[in-house]
Amino acid sequence: MRYLLPFLLLGIPALLRAQTATVSGVVRDEDGKALPDASIRVVDDKASTLSGANGAYQLEVPAERPIVLRFAYPGIQPVERPLQLKAGEQQKLDIALRAVTMAVLPVTNDRLRDAPIDKLDPRVAHFQPSLGDVNSLLQGSLGVMTRNELSSGYNVRGGNFDENLVYVNDIEVYRPFLVRAGQQEGLSFPNPDMIERIRFSAGGFEARYGDKMSSVLDITYKRPREFAAIATASLLGGSLSVEAPLLKQRLRQVTGFRYRTLNTVLKGLDTKGTYAPIYTDLQSYWTYDISDKVELGFLGVYSRNKYNVVPQDRETELGNFNQALRYTVYFDGQERTAYETFFGALNLNVRPHRDLLLKFTGSAFRTYESEKMDIQGQYRLSELDRDLGSDQFGQVVRDLGIGTYLDHARNNLEATVLSFTHKGSLNHGNGGNLQWGAEVRGETIQDRLSEWYMVDSADYSIPRSSGDRLELMSSVKSRIDLESVRTSAYVQNAWEWKTGPDRTWALVAGVRAQNWSYNEQTVVSPRVRLAYHPGWKKAIAPGDTVARDYSFWFATGLYYQPPFYRELRDRFGMLNPELRAQRSIHFILGMDRLFKLWDRPFKFTTEAYYKKLDDLIPYELDNVRIRYYAKNMATGYAAGIDMKLNGEFIKGVESWASLSVMSTREDLEGDFYYHYYNAKGERTDAPETTDRRAVDSVYVSAGSIPRPTDQRVSFALFFQDEMPRWPTFKVHLNLVFGTSLPYGPPNYTRYADTLRTSLYRRVDVGFSKQLLGAPGQEKTNALRHIKDLWLSLEVFNLINLNNTVDFTWVQDVQGRYYGIPEFLTPRRINVKLIAWF
């Protein structure tokens, strides 16, 4: 026994190994990247291990009985695989984990479920020639209209910007309240460097989204799984974004800082002066896995936009060959505006089991806005010599109007929005998904308005004053304190079923409701969308078919828009507590097709729509400022068709083109006017009339008139190209075209707003050269940490066309009004350096 015992002891481990098997493989994410330190363990057993730096693992597991192998990684949904191996067997098992731990799990067919959703690539924003705003990516989306490169605002299918929902991480965000012009806005809320996913819908969106009439932009920030950084420097400012996982991937953060100045752009405006715009923004998003079923997240934002200008003079030439005019102004005074925003959100996401997700979010938004302005302008409106044979051609031949105006403002606004939200999602049945949510939101607004505008023409004030009273063109003074509570809730369900091997149907139906304590109105909005994938095939040879990949959908629903502060306040600075929610009924029919052209992927999407509009609140546009009538006094409609083609026109590089045709009109209650005639039967307001004494009048009903956003045709193109022999050199072309918009004098007579602006035409181009990161390129030690380095030259408004954003109204000695166009930026050049680490 003394000699036999050592052999028995050596044989025991071999016997034990004979009752085990070996599983090995690689753990990756959905993008194919290796996941280091992933946990692999046998459920209800002590056998476990961690994956290596390259994601590889090897684990001995019990044999000859059923086991469940669990793969887990922080921030990613765990995966379980049942196994039963023989003793000594070696099994290879590679696993791909999807990063959807704390997101709503999709139903079986993402394409059908998200049929009308446009998914945008945030990486394009780095190379698209623009001022660096993420909203520039929307230019090619269905139904989107943009006409101001200085503003982050956009219009969708006849609506204004206030009719659009914008979410970041399921939290609704806002833009400044007092902003008058695009150059005052500064940076928009979303930071392009921090974005992981962008989803946009131009109408017919689900009940889980809020109460607005036009569109929804849904942005999700990154949850990084490895260290990365992006740094940008240009003549317009710079940015830095850093993302990293910490504490063995349980803690993740992405932080971004942005700085922008538009000095080089604003110097090209007609109004010359000293511009000092400074826009800064700091954002940070953190997530921490308390366990593989509970996640805690925090989003913090601080933003400060300052815009100071001391105007000096302005000269604008306008008119046509029959009457060429020159408008000259000499300024005194200055304008100082500032917008400071604080935002914080804390969210807790709980997944009790893989099919159930519960979200709890508390957020706080605080903004301080001030607008101080005293600007005096001494203007001269002159007619120019238009005789080509004259020595004085292009020179002033007579003055049509001379005067002075004074623009004064001392406005201060503070707003606080506190909200608590719960959302839930449950997967059930065969591809079914139930979602629900509730929100309580408190709003506090303190507004101090003091602004007036005076015009003095030919030594008398307009309008004419009598006695000791001085009449002003406009004057608003008010002190407003508004506190209110909004409560809302929704529930929706998605179903999916098959009626054949390749035929699939998807139905999303839901309802949401909202109550606002200020006007005590409750609105209920049912919404439904039906999508169908026919699974058509085309025979190209006997026994050989190819898929004709089509999808069709129909969406309808009620979309109420309860008033916010801007809609409540009329032109006199008073609030209307009787104001009701505007309503839009959507009818949308759409289709898309996936196909290959030149052996490269393409997608064509089109939607036809009709929106019936009720209880509308009419408004007038003053640059980007929306002046509401604060009354539900109009009905209307918007109808049109949108088309978009996107794909790889150049292999490996995506481009797109979109075309929209639309009409939107409204009919105001009690909107009428009179035509006055003299004794000869001539209109007294006609330019050629000398006798302006009225002896007769005719009542005229204005009827249906175009809405302020009635742009009949829109076209957008973003095209990327690369040199065949120099793939590190690329060209990016951005083109936007829009037909004219209606406008009129700023006197709250909507029936007069039927004039039309000039066409909007803009071409921006960028040239990019990859300096580092090309395949096979060697790096020096000093540059070894830079993964990719690009240098770009951008030319804005390449053709140098004048695009009109607004009008200044001037009266001549005969009482006629002239609209002096306010032009946007001319041709400008920018140089940009982008580095990825």
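Numbering of residues starts from 1 in each chain and follows the order in which that chain's sequence is written. Reporting of local features is limited, given that this is a predicted model, to residues whose pLDDT is at least 70; pairs of side-chain atoms are given and counted only at 80 or more, and all residues count toward the totals for whole chains, interfaces and linings. Side-chain metrics in this entry use all non-hydrogen atoms of the structure; hydrogen atoms and water are not considered.

1. Here's the deal with the overall build of the protein
Consideration 1: Only DSSP runs of H or I reaching four residues or more are called helices, and only runs of E reaching two or more are called strands; each is numbered from the N terminus. Regarding its fold elements, the protein presents 5 helices and 48 strands.
Consideration 2: As a reference, a globule follows 2.2 Å times the number of residues to the power 0.38, and the radius of gyration itself is taken over C-alpha atoms. A compact globule built from 837 residues should have a C-alpha radius of gyration of about 28 Å, and the protein, at 32 Å, falls within 12% of that.
Consideration 3: Its C-alpha atoms give the protein principal-axis dimensions of about 135 × 65 × 60 Å.
Consideration 4: Think of it in three bands: with a 1.4 Å probe and only protein chains considered, a residue is buried below 20% of the maximum accessible area for its type, exposed above 50%, and partly exposed in between. Expressed as a percentage of the 837 residues in the protein, the buried residues total 54%.
Consideration 5: By the convention used here, residues are in contact when the closest approach between their heavy atoms is within 4.5 Å. In the protein, of all internal contacts separated by at least 6 residues, the share reaching a separation of at least 24 is 67%.
Consideration 6: Using a 1.4 Å probe, the Shrake-Rupley method yields the accessible areas, and only the shown protein chains count as cover for residues. Looking at the protein as shown, the accessible area adds up to about 38,400 Å², and 56% of this sits on carbon and sulfur atoms.

2. Section: the pairing of strand β35 (residues 634-650)
Consecutive side chains of a regular strand alternate in pointing toward one face of the sheet and then the other.
Consideration 1: Across 13 bridges, the pairing between strand β32 (residues 600-616) and β35 is antiparallel. Counterpart to Leu616 in the pairing with β35 is Ala634.
Consideration 2: By this definition, two strands are paired if DSSP reports at least two bridges between them. Examined bridge by bridge, β35 and strand β36 (residues 653-668) share 15 bridges and lie antiparallel to one another. Bridged to Tyr637 within β36 is Arg665.
Consideration 3: Linking two consecutive strands that pair antiparallel, namely β35 and β36, is a turn of 2 residues; a positive phi of about 85° is found at Gly652 within it.

3. Regarding the sheet that holds strand β13 (residues 171-172)
Consideration 1: In space, the 5 strands of this open sheet follow the order β9-β14-β15-β12-β13, with mixed pairing throughout. Two strands lie at the open edges of the sheet, namely β9 (118-120) and β13, each paired on one side alone.
Consideration 2: By the bridge criterion, 3 bridges tie β9 to strand β14 (residues 195-201) in an arrangement that is antiparallel. Among the inter-strand pairings, Asp118 is bridged to a residue of β14, identified as Phe200.

4. With respect to the nonpolar core
Consideration 1: Counting residues in hydrophobic clusters, the biggest one holds 53 residues, and the most contacted among them are Tyr154, Ile198, Phe200, Leu217, Tyr221 and Phe343.
Consideration 2: With residues near it in sequence (within four places) discarded, Ile198 still touches Asp118, Lys119, Leu120, Pro122, Val134, Leu137, Leu217, Asp218 and Ile219.
Consideration 3: Definition of nonpolar core: a set of buried residues of the types Ala, Val, Leu, Ile, Met, Phe, Trp, Tyr and Cys, connected through side-chain atoms within 4.5 Å. By size, the runner-up hydrophobic cluster in this structure holds 23 residues, among which are Ala21, Ala38, Ile40 and Ala47.

5. Topic: the packing of aromatic side chains
Consideration 1: Classification of ring pairs uses Phe, Tyr and Trp, with its six-membered ring standing for Trp, and accepts pairs whose centres are within 6.5 Å; under 30 degrees between planes counts as stacked, over 60 as edge-to-face, and the remaining range as tilted. Applying the stated criterion to the full structure yields 38 aromatic pairs.
Consideration 2: Between Tyr167 and Tyr209, the ring centres sit 5.9 Å apart and the planes meet at 45°, which makes this aromatic pair tilted. Of this pair, Tyr167 sits in strand β12 (residues 164-168) while Tyr209 sits in the loop between β14 and β15 (215-221), placing them 42 residues apart in sequence.
Consideration 3: Ring geometry for Tyr405 versus Tyr453: centroids 5.6 Å apart, planes at 35°, classification tilted. Here Tyr405 is found in strand β23 (residues 396-428), whereas its partner Tyr453 is found in strand β24 (residues 432-457), with 48 residues between them in sequence.
Consideration 4: Under the relative-accessibility criterion, Tyr405 is labelled buried at 12%.
Consideration 5: Given the relative accessible area of 21%, Tyr453 is considered partly exposed.

6. Some remarks on the environment of Pro122
Consideration 1: Along the chain, Pro122 turns up in the loop between β9 and β10 (144-145).
Consideration 2: As for Pro122 and Val134, which are separated by 12 residues in sequence, their C-alpha atoms are 7.5 Å apart.
Consideration 3: In this structure, Pro122 is in contact with Leu137, Pro192, Ile195, Glu196 and Ile198, ignoring residues within four places of it in sequence.

7. Here's the deal with the pairing of strand β27 (residues 504-516)
Consideration 1: What you see with β27 is a clean split: Thr504, Ala506, Val508, Gly510, Arg512, Gln514 and Trp516 sit on the buried side and Trp505, Leu507, Ala509, Val511, Ala513 and Asn515 on the side with no burial.
Consideration 2: Pairing analysis gives 13 bridges linking strand β26 (residues 474-498) to β27, with the strands arranged antiparallel. By the bridge assignment, Ser488 is partnered in β27 with Gln514.
Consideration 3: The antiparallel hairpin formed by β26 and β27 contains 5 residues in its connecting segment.
Consideration 4: Relative to strand β28 (residues 521-533), β27 runs antiparallel, the two being bridged by 13 bridges. In the sheet register, Gln514 faces β28, and the bridge partner there is Val523.
Consideration 5: Taking the residues that link successive antiparallel strands as the turn, the β27-β28 hairpin has 4 residues, and the phi of Glu520 there is positive, at about 55°.

8. Some words on the environment of Asp170
Consideration 1: The residue Asp170 is located in the loop between β12 and β13 in this model.
Consideration 2: Residue class for Asp170 comes out partly exposed when judged on its relative accessible area of 29%.
Consideration 3: In sequence terms Asp170 and Thr361 are 191 residues apart; their C-alpha atoms lie 8.9 Å from each other.
Consideration 4: Among all residues touching Asp170, those that are not within four sequence positions of it are Lys359 and Lys423.

9. What about the pattern of salt bridges?
Two side chains carrying opposite charge are able to pair once their charged atoms lie near each other.
Consideration 1: Think of a salt bridge as a Lys or Arg side-chain nitrogen and an Asp or Glu carboxyl oxygen that are within 4 Å of each other. Overall, the coordinates contain 50 salt bridges when judged by the stated rule.
Consideration 2: Among the ionic pairs, Lys359 bridges to Asp170, the shortest N-O distance being 2.9 Å. In this pair, Lys359 sits in strand β22 (residues 356-384) while Asp170 sits in the loop between β12 and β13, placing the two residues 189 residues apart along the sequence.
Consideration 3: For Lys359, a relative accessible area of 16% corresponds to the buried category.
Consideration 4: Put simply, Arg314 and Glu822 hold a salt bridge, and the shortest N to O gap is 3.0 Å. Here Glu822 lies in strand β47 (residues 817-823) and Arg314 lies in strand β20 (residues 294-319), a separation of 508 residues in the sequence.

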